[in-house]
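# Overview (structure and organization)
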Amino acid sequence: MTRYIFITGGVVSSLGKGLASAALGALLQARGYSVRLRKLDPYLNVDPGTMSPTQHGEVYVTDDGAETDLDLGHYERFTGVSSRQSDNVTTGRIYQQILAKERRGDYLGRTVQVIPHVTDAIKEFVLNETEGTDFILCEIGGTVGDIESLPFLEAIRQLGNDLPRGQTAYVHATLVPYIAAAGELKTKPTQHSVKELRSIGIQPDVLLCRSDREIPLHEQRKIALFCNVRESAVIQALDCRSIYEVPLAYHAEGFDSEVLKVFGIDDAPPADLTRWREINGRIESPEGTVKIAVVGKYTDLQDAYKSLGEALVHGGLANQVKVELQWIESETFEQPDAVQRLEGVDGILVPGGFGERGAEGKIAAATFARTKNVPYFGICFGMQMAVIEAARNLAGLPGASSTEFGACDDPIVGLMTEWTEGNLLQTRGLDDDKGGTMRLGKYDCQLSTGSKVNAIYANGAAGEAGSGLLISERHRHRYEVNINYRAALEAVGMRFSGLSPDGALPEIVELEGHPWFIGVQFHPELKSKPFEPHPLFASFIAAAVDQMRLV
Ligand code: GLN
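Presented here is an overview of the structure given in this document. Within each chain, residue numbers correspond to sequence positions counted from 1 in written order. A pLDDT threshold of at least 70 governs which residues receive local features in this predicted model, and a stricter bar of 80 or more applies before side-chain atom pairs are shown or counted, although totals over entire chains, interfaces and linings include all residues. Based on all heavy atoms of the structure, the side-chain values leave hydrogens and waters out of the count.

## Re the sheet that holds strand S17 (residues 410-415)
Picture the strands of a sheet paired through backbone hydrogen bonds; they go either parallel or antiparallel. Ordered by their spatial adjacency, three strands build an open sheet running S16-S17-S22, and the pairing between neighbours is mixed. Strands at the two margins of the open sheet, each flanked by one partner only, are strand S16 (400-402) and strand S22 (479-481). Mean inter-strand twist for the sheet, computed between neighbouring axes without regard to direction, equals 30 degrees. Judged from the three bridges that link them, S17 and S22 form a sheet pairing that is antiparallel. Note on S22: the bridge partner recorded for Leu 415 is Tyr 479. In this analysis, two residues are considered to be in contact whenever any of their non-hydrogen atoms come within 4.5 Å of each other. Note on definitions: angles span 0 to 180 degrees between N-to-C directions of axes, and those axes are lines fitted to C-alpha atoms, for helices only across the stretch in contact. Helix and strand labels come from DSSP, where a helix needs a run of H or I of at least four residues and a strand needs a run of E of at least two; each type is numbered from the N terminus. Together, S16, S17 and S22 form the strand contacts of helix H14 (residues 381-393), whose direction differs from that of S16 by roughly 160 degrees. Each pair of strands is called paired provided DSSP finds at least two bridges between the two strands.

Here you go:
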């Protein structure tokens, strides 16, 4: 039997609802249940793929090529369950389906309405592909009271009646703010938020009360009384030092056992949290600190690089060090000598990105890393910029650039007009739609024998370093390094050590004679987990540790 847990949020956004959902998933897993987490986003975009990272944070890409909300990244990191397209939906996607049906005439002359057609489509999404899973956790994006979320709340309310009794639970995350002038925590925003929820017919079963300090028992009782929930179901959710502490902290407050009780489960196996305790132990006792500069374009909003920041933390865990990140806006390196600011960092990472602004600054960072022997990790755009740098400054091609920025003498990086996906040929043109048309999701990459990356992956996967491994990583790009420049670049020491299996697309480059200089066309950060740090991040941080010892 599959049970459904719906998680809503009230009072303010940024409550950590996604993390709380991921933590609940991990806690149920720790008790031996299978889980799947889903996100329902009320905005009108079909997916976040065309949104700026500064608007919406990172676009998280799944194996099956869906461009999804960054919360799915938390879900995967916490539970290890690979997300799929069927785990994220938006109002835009729901309407896209409904309107396509309407045009086909599938509604047979009926008036198409929010209830039942939109709500039915939402319910279908929730109930789809759930076989064999014990718990489906559905997080509703936005805040209760938003106009956009109404159809979603109505749909989950209906599900409470559609499904057999005892198969649904409603968790509501709220804020209990401290008002300094009064010297008190205030429960009124929570009361109002629950009132709002109840007015649309949803009585929450469990309240997750976020607060920056202990909520006194009498205040918890007050919340229970005014919100019509059991006292034990008022869970205090205090700020944690690290996101990986959240499952432990919420478990200690009884979060998972309270949710299980809603389903009438009183005799669940105890949660085995050994691995969470172990991870937290390691986070709390690093043996040193390495400084990594992340040279990007959306550095004001760290959500834009969520998985990247976490993958670097995981790399630190693999090496028992703390990773101190310096987020640097790449445009600043376009001033003379500004790049000297990188003096003293132990590693430089240039992440994925789009568009010309700041590109020259990223190229300057790559030059610095190459010439000063500082570990360099280029991801997607960061790989493309490193290749342009090598073409200009090592291979003697001063006009080398990317056609993403316009026409140039040497299009080292150009638009991908065709590639193969399984047995399918994908073709693209300059004027194609922008949404959902990149090379997305998992693709294989053949590593070459004797390369550094092959050794790194073989180590991580306990494979054989002798032969070139076939790896699979997630992609999200429209441009590619032009394979025709391979000979010119290899002649100056930039080895193409990973290629698509048909040999057409360069996937990895590495600089010979450099302590650690690797560029990858894919996004390894998307697959890194605290319990399974990605081998490239573990190796990059190990190289940064060596660098730190040198200085
Ligand atoms: N803008 C580049 C491309 O489309 C890089 C994309 C990225 O870094 N994700 O190929």
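## Quick look at the site of the ligand
Whether a residue is near a molecule or strand is decided by its heavy atoms; if any one of them lies within 4 Å of it, the residue is near. Every residue lining the ligand is accounted for by Gly 352, Gly 353, Phe 354, Cys 380, Phe 381, Gln 384, Glu 404, Arg 476, His 477, Arg 478, Tyr 479 and His 523. The backbone of Phe 381 places a nitrogen or oxygen atom 3.1 Å from an oxygen atom of the ligand. Using the Shrake-Rupley algorithm and a 1.4 Å probe, accessible areas are obtained, with residue cover drawn only from the displayed protein chains. Here the ligand, which alone exposes 300 Å², has 99% of that area covered by the protein. Placement of the ligand is best described as lying within the largest cavity. At the level of elements, H14 and strand S21 (470-477) are the ones that each hand at least two residues to the shell around the ligand. As used in this structure description, the phrase polar contact means that two N or O atoms lie within 3.5 Å; if the pair is within protein, one of them must be able to donate a hydrogen and the other to accept it, and residues adjacent in sequence are counted only when both atoms belong to side chains. Here a cavity denotes grid points, spaced 1 Å and computed from the protein atoms alone, that fit a 1.4 Å probe unable to get out, and a pocket denotes an open set having protein on both sides within 12 Å along at least 5 of 7 lines; residues with an atom within 4 Å of a point are the lining. The way we define it, a molecule is inside a pocket or cavity when more than half of its atoms are within 2 Å of that pocket's grid points.

## A look at helix H4 (residues 91-104)
Given a helix with a known number of residues, its expected span is that number minus one, times 1.5 Å. With 14 residues, H4 should reach 20 Å at 1.5 Å per residue; the first-to-last C-alpha distance of 20 Å fits that figure. Burial classification: accessible surface area is computed with a 1.4 Å probe over protein chains only, and a residue below 20% of its type maximum counts as buried, one above 50% as exposed, and the rest as partly exposed. Among all positions in H4, only Thr 91, Gly 92, Arg 93, Ile 94 and Ile 98 are buried. Lining the buried residues of H4 we find strand S2 (35-41), strand S5 (88-90), helix H5 (114-127) and helix H6 (150-162). Positioned one or two residues after H4, Gly 105 has a phi angle of 85 degrees, which is positive.

## With respect to empty space enclosed by the protein
Grid points are joined across faces, edges and corners, and a volume is the space filled by probe spheres set on the points. Under the defined criterion, the tally for this structure stands at three cavities of 30 Å³ or more. Taken as a whole, the largest cavity spans an internal volume of roughly 70 Å³. The wall of the largest cavity is formed by Gly 353, Phe 354, Cys 380, Phe 381, Gln 384, Glu 404, Arg 476, His 477, Arg 478 and Tyr 479. Mapped onto the lining of the largest cavity, the elements with two or more residues apiece are H14 and S21. The residue classification treats Ala, Val, Leu, Ile, Met, Phe, Trp, Tyr, Cys and Pro as nonpolar and Asp, Glu, Lys and Arg as charged. All others, Gly included, are polar. Residue composition of the lining of the largest cavity, grouped by class: four nonpolar, three polar and three charged. Along the walls of the second largest cavity sit Arg 36, Leu 37, Tyr 75, Thr 79, Val 81, Ser 82, Ser 83 and Asp 87, which together make up its complete lining. Breaking the lining of the second largest cavity down by element, the ones donating at least two residues are S2 and helix H3 (71-79).

## Description of the environment of Leu 536
By the secondary structure assignment, Leu 536 is in helix H17 (residues 535-550). Judged by relative accessible area, Leu 536 falls into the buried class, the value being 0%. What Leu 536 contacts, discounting residues up to four positions off in sequence, is Phe 377, Val 453, Ile 456, Tyr 457, Trp 516, Val 520, Phe 522 and Pro 524.

## Overview of the pairing of strand S14 (residues 347-350)
Alternating residues of S14 divide into Gly 347 and Leu 349 and Ile 348 and Val 350, and every residue in both groups is buried. Here strand S12 (residues 289-296) runs beside S14; their pairing, made up of three bridges, is parallel. Across the sheet, Val 294 pairs through a bridge with Leu 349, a residue of S14. As paired elements, S14 and strand S15 (residues 376-379) share three bridges and run parallel to each other. Paired with Val 350 across the bridge in S15 is Gly 378. For a crossover, the right-handed case is the one in which the path from the first strand over the helix to the second runs clockwise, viewed with the strands pointing away from the viewer. For the crossover that starts at S14, traverses helix H13 (residues 359-371) and ends in the parallel S15, the hand is right-handed.

## Focus: the packing of aromatic side chains
Centres within 6.5 Å are what make two rings of Phe, Tyr or Trp a pair, Trp counting through its six-membered ring; a difference in plane orientation under 30 degrees is then read as stacked, over 60 as edge-to-face, and the rest as tilted. Enumeration according to the criterion identifies 16 aromatic pairs in this entry. Aromatic side chains Tyr 33 and Phe 135 sit 5.1 Å apart centroid to centroid with 90 degrees between the ring planes, which places their arrangement in the edge-to-face category. Remark: Phe 135 occurs in strand S6 (residues 135-140) and Tyr 33 occurs in the loop between helix H1 (17-30) and S2; sequence separation between them is 102 residues. Accessibility classification places Tyr 33 together with Phe 135 in one group, the buried group.

## Considering the layout of surface pockets
Estimated volume of the largest pocket: approximately 840 Å³. Residue lining of the largest pocket: 32 residues in total, with Ser 13, Ser 14, Lys 39, Asp 71 and Asp 303 positioned closest to the centre. Those elements giving two or more residues to the lining of the largest pocket turn out to be H1, S2, helix H2 (53-56) and H3. Its boundaries defined by the atoms lining it, the second largest pocket holds a volume of some 720 Å³. Secondary-structure elements contributing two or more residues to the lining of the second largest pocket are H1, helix H9 (246-252), helix H11 (274-284), helix H12 (306-319) and strand S13 (322-329). For the lining of the second largest pocket, the element with the highest residue contribution is H12, accounting for six residues. Looking at the lining of the second largest pocket residue by residue, the class counts come to 18 nonpolar, six polar and seven charged.

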